[in-house]
Amino acid sequence: MKLIGIGFGNLVSAERIVSVVSPESAPIKRMIQDVRERGGLVDASFGRSTKSVLIMDSGNVILSALSPDIIAARVDEKYDLEDE
């Protein structure tokens, strides 16, 4: 299991991430609200503005203050190290 940092000392399993998206679109905002109502939302932004939304294979959604580009680079970095 490879863990990646999503900000403020929080880690998630890279293998469990389905997608990393921006929170700006209306469909993503609706999805966040639906998951919040179901109790599956994890807010790892520590009160900062949410810059990325991680959709997990478990159906949970994680909010992060890091941009999707940064998280994607961290995921790629972990997989590159695995190949060596």
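The preceding data block contains the structure.
Residues numbered from 1 in each chain as written. Predicted model: local features only at pLDDT ≥ 70, side-chain atom pairs only at ≥ 80, totals over all residues. Heavy atoms only, no water.

Thoughts on the overall build of the protein
Secondary structure summary: the protein contains two helices and six strands in total. In sequence order, the secondary structure elements of the protein are arranged as β-β-β-α-β-β-β-α. Taken over C-alpha atoms, the radius of gyration comes to 13 Å for the protein, in line with the 12 Å a tight globule of 84 residues would show. When its C-alpha atoms are laid out on the principal axes, the protein stretches across 40 × 25 × 20 Å. A buried classification covers 32% of the 84 residues belonging to the protein. Within the protein, residue pairs in contact and separated by at least 24 positions form 51% of the contacts whose partners lie at least 6 positions apart. Of the accessible surface of the protein, which amounts to about 5,200 Å², a share of 51% is contributed by carbon and sulfur atoms. For the protein, the distance from the average position of its 10 positive side-chain charges to the average position of its 13 negative side-chain charges is 9 Å. (Helix = DSSP H or I, 4+ residues; strand = E, 2+ residues; numbered from the N terminus. Rg over C-alpha atoms; globule rule 2.2 N^0.38 Å. Buried < 20%, exposed > 50% of the residue type's maximum accessible area, 1.4 Å probe, protein only. Contact = heavy atoms within 4.5 Å. Areas by Shrake-Rupley, 256 points an atom, 1.4 Å probe, with all protein chains shown as cover. Lys, Arg positive; Asp, Glu negative; His and termini not counted. Charge placed at Lys NZ, Arg CZ, Asp CG, Glu CD.)

What to know about the nonpolar core
Core analysis: the biggest nonpolar cluster contains 12 residues, these being Ile 4, Ile 6, Val 12, Ala 14, Ile 17, Ala 44, Leu 54, Met 56, Ile 62, Leu 66, Ile 71 and Val 75. Looking at this core, the elements with two or more residues in it are β1 (3-7), β5 (52-56) and α2 (68-83). Sequence-distant contacts of Ile 62, defined by excluding residues within four places in its chain, comprise Ile 6, Val 12, Val 42, Ala 44, Ser 52, Val 53, Leu 54 and Met 56. (Core = buried A, V, L, I, M, F, W, Y, C linked by side-chain atoms within 4.5 Å.)

Overview of the side chain of Ser 64
Take Ser 64: it is sitting in strand β6 (residues 61-64). A relative accessible area of 0% means that Ser 64 is categorised as buried. In this structure the side chain of Ser 64 is engaged in a polar contact, spanning 3.1 Å, whose partner is the backbone nitrogen of Leu 66. Excluding residues within four positions of it along the chain, Ser 64 makes contact with Ile 6, Ser 45, Ser 49, Thr 50, Lys 51, Ser 52, Leu 54 and Ile 71. (Polar contact = N/O pair within 3.5 Å; in protein donor to acceptor, adjacent residues only side chain to side chain.)

Note that every value here comes from positions in space, so none of it alone points to a role or purpose.
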